[in-house]
Amino acid sequence: MANDYTTFEHDVLVIGAGGAGLRAAIEASSAGVSVGLICKSLLGKAHTVMAEGGMAAAMGNVDDRDNWKVHFSDTMRGGQYVNNWRMAELHAKEAPDRVRELEAWGAVFDRTKDGKILQRNFGGHRYPRLAHVGDRTGLELIRTLQDHGIHQGIDVHMEVTVISLLKDGDRVVGVFAYEREHGRFRVFKAKAVILATGGVGRAYKITSNSWEGTGDGHALAYHAGAELIDMEFIQFHPTGMVWPPSVRGILVTEGVRGEGGILKNSEGNRFMFDDIPDNYKDQTAKDPEEGWRYTQGDKSANRPPELLTRDHVARCINREVKAGRGSPHGGVFLDIAWIKEKLPNSAEHIKKKLPSMYHQFVQLANLDITTTPMEVGPTTHYIMGGIRVDADTQASTLPGLYAAGECASGINGANRLGGNSLSDLIVFGKRAGEYAAEFAKANGHGIIDAAQIEAEAKRALEPFDREGGDNPFNIQHDLQEMMQRLVGIVRLEDEMQEALVGLQKLNERAAKSTITGNIDFNPGWHTALDLRNLLTVSEAITLSAIERKESRGGQFRDDYPNKDPEFAKFNIAVKEVDGRMEISHVPLPEMPAELKQVIEEMG
Amino acid sequence: MATATFSIRRGGREGGEMVDYQTDVSEGMVVLDAVHQIQAESAPDLACRWNCKAGKCGSCSAEINGMPKLMCMTRLDTIDITQPVTIEPMRAFPVIKDLISDVSWNYEVKKRIKKFKPRPPDAEDGTWRMQQSDIDRVQEFRKCIECYLCQDVCHVLRDHVKHEEFIGPRFLVYTAALEMHPLDTENRTEELKDMFGIGYCNITKCCTKVCPEHITITDNAIIPLKERVVDEHYDPLRKLIKIFRKK
């Protein structure tokens, strides 16, 4: 059966059809090369649809004091200065054009009174900056790109999962994959490959990520020999649903807080006012009244502490719950209903501004957010770490391999600001498409090694031949429980060492896992294949988190609770060497003087 | 903890049968949770599509007790679980396996609809100006998550199998979103009348009823499109004017 596969050939092959992958595919095909686009699910269903709040772009439509310099310094500050400065600069400069381009392709953003694209407040952004469509901005983004892309002559391969990257020497020259419908193998030859596979949330029990978020791109690149950086930086979004149990982790948009929602503990205390980090003190409201004025567009007011960066808000919530001041189901209260004191038609206002939140809570939790506070708690949301790429071209450390979006790393540093992800997808998706097309024009197809394919096919089919092993769903479940418990929001050396031992055991179980049924659309088989990726990224997260002996952004160490300036000088990288994961320090590139100046000017 | 029985369609393209599975149910569970539990406990090869589990991606469409619904948004306490709960794939499309149907026809249909064609930008910087009140309607249509439940329930497709002649409610909404887009300059009424078969819709509003996004498909999208077609192609006065113009 191993020899039984179909071969496809493209100049550029894009893996992943969320915002970054679609934008990359559109750009590459516009450059005149043939493009294949692999979707793990159906086209238009990628995790980008879950993005709610908006995309950050300093267009200055609502507050004309905004410009790329403010956006750049907000991003660097949010990332605690371990970001790749060049990526943060490109992102801040190019995001406005990328957003306007979406409008030219049919996107319909909410409007200002003078008919421009409306922008909303979000955590860590000094001015209202997020272009949005109610609270379903991700759907608008993916649909716009999809509907534009289908007229571009891109070959779309739906419900296809990549098993490994194929190499000719150091260069990536294609991929080995399988299509789920019939369970058949496919080989894709490509002059350049772009990974745009999203995140790793499924390594954790409580997550906002769909089943697809299994770190595929991270693991594929790693096993092909590429470098991953910043894997310890995981974003726990402060507000996920906590009740009922079956929806635990589903995202509650930061837009709720942007529209005036406040966080309270069981004692009714607005605890975010009790802990404001020093470097945000002069940007934060002094009292609730000022915070409210900020959310309503008063330019003289500072933002409420609920809109501090996500890493900080998540830790504050965690602390309240641990101190016994949590809500009945182990979260805290997020209250938007209180704005009825301020707005006469608040119920209608909330439904208009946050329609999907309203429906989500009515349908899944039987709760009306216009009258009752929600219960929320942190949920694994995003990984700042990923494939190490060149800032301008998105080229990985392997020739012919590019990465964009969540699976690439650099722009966000230790913590991503809300709204910077959607803009990251379109800014760097475009760049990846452009430079991959350029690479494809300059290079012919490489040679596909039949032995590699043979070995990968054999490995992929092994779970069918084994007997008596564990069901892959159980192994995945145990991994999620363990990562949540031992490498979660608050980390300790001992616990992470325990996790490494646990990972070893899980790897052994995964190697013996068995599945039932045949190769046709078999979720058990798929889960068995996903496990390898999840275990790889879990190990990378744990090792990197042990290595970073300080607390910064998405990494909080109880045994090293403070920031250490020594750790601000490099990124932690992992790479596969002789089948083992090796850790190294990659010095941060020196920021040019004019950008240092920008940061200083912006305070 | 209570137990419920789920009667799930199992089998491939050639045919299938309903198989009963028992699983524990707890507070707040949705149908998709039950399917996942059954997968993990007793049927790891049970095929179903899902992604976001929050009603935003439109992947987990199925027929629950005969009603087209999203599995992730159907709470068990809204259906009778004292009787076996039937879960079947959408019937308006060919079945691939278990709960998975082949929805590729929808992707082909979309490609046939002329793409967005904006008027020249309004401002020198290449941007446009639109009032919120002018886009409210289009934004309603753009809430669509492409779950295809409206296609599934539509008798023109489901019972009369007019897939060749009729594009179905989803793509009438899609066309309406383009036609009513304040910036769009394209005209799609000719196709609506001929290739897209808008005349087949006899306004039974079943599509509106099953839409999980509560889009007023029939009243706000299909009927205004029908009016446009009538205005442009069947208005006797216009026809007369056209004849004179030709001379």
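Residues numbered from 1 in each chain as written. Chains lettered and ligands numbered in written order. Predicted model: local features only at pLDDT ≥ 70, side-chain atom pairs only at ≥ 80, totals over all residues.

J.: Explain the overall build of chain A to me, please; I cannot follow it from the model alone.
T.: Counting its regular elements, chain A contains 16 helices and 19 strands. Over its C-alpha atoms chain A spans a radius of gyration of 23 Å, differing by no more than 12% from the 25 Å that the globule rule assigns to 603 residues. Dimensions of chain A, computed from the C-alpha atoms along their principal axes, are close to 70 × 50 × 50 Å. (Helix = DSSP H or I, 4+ residues; strand = E, 2+ residues; numbered from the N terminus. Rg over C-alpha atoms; globule rule 2.2 N^0.38 Å.)

J.: Sorry, what's going on with the overall build of chain B here?
T.: Scanning chain B from N- to C-terminus turns up 10 helices and 7 strands. Judged by the C-alpha coordinates and their principal axes, chain B covers about 75 × 45 × 25 Å. Across the 247 residues that make up chain B, the buried fraction comes to 45%. Looking at chain B alone, contacts between residues at least 24 apart form 62% of all its contacts between residues at least 6 apart. (Buried ≥ 20, exposed ≤ 12 C-beta atoms within 10 Å, placed from the backbone. Contact = placed C-beta atoms within 7 Å.)

J.: Help me out: how do you make sense of the sheet that holds strand β10 (residues 228–229) of chain A in this one?
T.: Think of a sheet as strands paired side by side through backbone hydrogen bonds, with each pair either parallel or antiparallel. Residue and element names in this part refer to chain A. Taking strand neighbours across the sheet as the criterion, the 5 strands line up as β17-β15-β10-β18-β19 in an open arrangement whose pairing is mixed. Both outer strands of the open sheet, β17 (408–409) and β19 (580–587), are each paired with one neighbouring strand and no more. Two strands pair when backbone bridges link them, and strand β18 (residues 570–577) and β19 are joined in this way by 8 bridges, in the antiparallel orientation. Within β19, the position partnered with alanine 573 by the bridge is serine 584. (Pairing = 2+ DSSP bridges.)

J.: Would you mind going over the interface of chain B and chain A with me for this structure?
T.: By a frequent convention, interface size equals the accessible area lost on bringing the separate parts together. Facing the 47 residues of chain B at the interface are 47 residues of chain A. Elements supplying a minimum of two residues to the side of chain B that touches chain A: α1 (31–41), β6 (95–97), α2 (104–111) and α3 (132–141) of chain B. In terms of residue count, the dominant contributor to the side of chain B that touches chain A is α3(B) (4 residues). Classifying every residue of the side of chain B that touches chain A gives 21 nonpolar, 13 polar and 13 charged. (Nonpolar A, V, L, I, M, F, W, Y, C, P; charged D, E, K, R; others polar.)

J.: I would appreciate a short explanation of the packing of helix α1 (residues 19–30) of chain A against helix α4 (residues 137–149) of chain A in the present structure.
T.: For any two helices packed against each other, one specifies the inter-axial angle together with the distance between the axes. All names here are of chain A. At a closest axis distance of 10 Å, the pairing of α1 and α4 adopts a crossing angle of 25°. Judged by the angle between their axes, α1 and α4 are roughly parallel. The way α1 lies across α4 gives a crossing that is left-handed. Along its contact with α1, which presents Gly19, Leu22, Arg23, Ala25 and Ile26, the element α4 presents Leu141, Ile142, Leu145, Gln146, His148 and Gly149. Among the residues making up the contact of α1 with α4, the classes are represented as 6 nonpolar, 4 polar and 1 charged. (Axes fitted to C-alpha atoms, helices over the stretch in contact; angles between N-to-C directions. Parallel < 35°, antiparallel > 145°, perpendicular 65-115°, else oblique. Left-handed = near helix turned anticlockwise from the far one by under 90°.)

J.: Can you help me understand the domain arrangement of chain B in this one?
T.: All names here are of chain B. Here chain B is partitioned into domain 1 (2–101) and domain 2 (104–237). Its C-alpha centre places domain 1 at a distance of 30 Å from the equivalent point of domain 2. With 12 residues of domain 1 at the contact, the number on the domain 2 side is 13 residues. Looking at the side of domain 1 that touches domain 2 residue by residue, the classes come out as 7 nonpolar, 3 polar and 2 charged. (Domains from an automatic or database assignment.)

J.: What exactly am I supposed to notice about the pairing of β18(A) here?
T.: Both faces of the sheet carry side chains from a regular strand, because those side chains alternate between them. Residues and elements named next belong to chain A. As paired strands, β10 and β18 are joined by 2 bridges and run antiparallel to one another. Considered in β18, the bridge of isoleucine 229 is made with alanine 573. The loop that links β18 with its antiparallel partner β19 comprises 2 residues; one of these, aspartate 578, has a positive phi angle of about 50°.

J.: Sorry, what's going on with the sheet that holds strand β2 (residues 15–25) of chain B here?
T.: Residues and elements named next belong to chain B. Strand order in this open sheet of 5 strands is β2-β1-β5-β3-β4, and the pairing throughout is mixed. In this open sheet, the two strands that pair with only one neighbour each are β2 and β4 (67–70). The mean angle between the axes of side-by-side strands here comes to 30°, regardless of whether they run parallel or antiparallel.

J.: Is there a simple way to explain the environment of A:Arg257 in this structure?
T.: Residue placement: A:Arg257 occurs in helix α6 (residues 255–258). With residues near it in sequence (within four places) discarded, A:Arg257 still touches A:Glu306 and A:Leu307.

J.: Sorry if this is basic, but what is going on with the nonpolar core here?
T.: Nonpolar side chains in soluble globular proteins tend to be buried together. A:Val12, A:Val14, A:Val193, A:Ile194, A:Ala403 and A:Ala436 are the most contacted members of the largest nonpolar core, which totals 247 residues. Beyond its immediate chain neighbours, meaning those up to four positions away, A:Val12 contacts A:Ala28, A:Val33, A:Val35, A:Ala190, A:Lys191, A:Ala192, A:Ile194, A:Ala436, A:Ala437 and A:Ala440. (Core = buried A, V, L, I, M, F, W, Y, C linked by C-beta atoms within 7 Å.)

J.: Help me out: how do you make sense of the domain arrangement of chain A in this one?
T.: All names here are of chain A. Its domain assignment divides chain A into domain 1 (5–233 + 384–442), domain 2 (242–380) and domain 3 (460–577). For domain 1 versus domain 2, the separation of C-alpha centres amounts to 28 Å. With 23 residues of domain 1 at the interface, the matching set in domain 2 holds 26 residues. Classifying every residue of the side of domain 1 that touches domain 2 by side-chain character gives 5 nonpolar, 11 polar and 7 charged.

J.: It is not clear to me how the packing of helix α13 (residues 472–486) of chain A against helix α14 (residues 493–512) of chain A should be interpreted in this structure. Could you clarify?
T.: All names here are of chain A. In contact at an axis separation of 10 Å, α13 and α14 are set at 175° when each is read in the N-to-C sense. In terms of orientation, α13 and α14 fall into the roughly antiparallel class. Counted together, Ile475, Asp478, Leu479, Met482, Met483 and Leu486 of α13 and Glu495, Met496, Glu498, Ala499, Gly502, Leu506, Arg509 and Ala510 of α14 form the full contact between these two elements.

J.: Explanation requested: α13(A) in the structure shown.
T.: Given 3.6 residues per turn, any residue in an α-helix points the same way as the ones three and four places further on. With 15 residues, α13(A) should reach 21 Å at 1.5 Å per residue; the first-to-last C-alpha distance of 21 Å fits that figure. Buried within α13(A) we find A:Pro472, A:Phe473, A:Ile475, A:Gln476, A:Leu479, A:Gln480, A:Met482, A:Met483 and A:Leu486. Of the surrounding elements, those touching the buried residues of α13(A) are α14 and α15 (523–547) of chain A together with α1 of chain B. (Expected span 1.5 Å × (residues − 1).)

J.: Even after reading the chapter, I still don't get the pairing of strand β5 (residues 85–88) of chain B, so can you show me in this structure?
T.: Residues and elements named next belong to chain B. In this structure, strand β1 (residues 2–12) lies alongside β5, joined through 3 bridges in parallel fashion. By the bridge assignment for β5, phenylalanine 6 is matched with valine 85. As judged from the 2 bridges shared by strand β3 (residues 61–64) and β5, these two strands associate in the antiparallel manner. In the sheet register, glutamate 63 faces β5, and the bridge partner there is glutamate 88.

J.: Looking at this structure, I do not really get the environment of A:Phe556. What am I missing?
T.: All names here are of chain A. You can see phenylalanine 556 is positioned in the loop between α15 and β18. Here phenylalanine 556 falls in the buried class, since 21 other C-beta atoms lie within 10 Å of it. Expressed as a C-alpha distance, the spacing of phenylalanine 556 and valine 33, which sit 523 residues apart in the sequence, is 45 Å. If we skip the residues at most four places from it in the chain, phenylalanine 556 touches Arg315, Ile489, Val490, Arg491 and Ser551.

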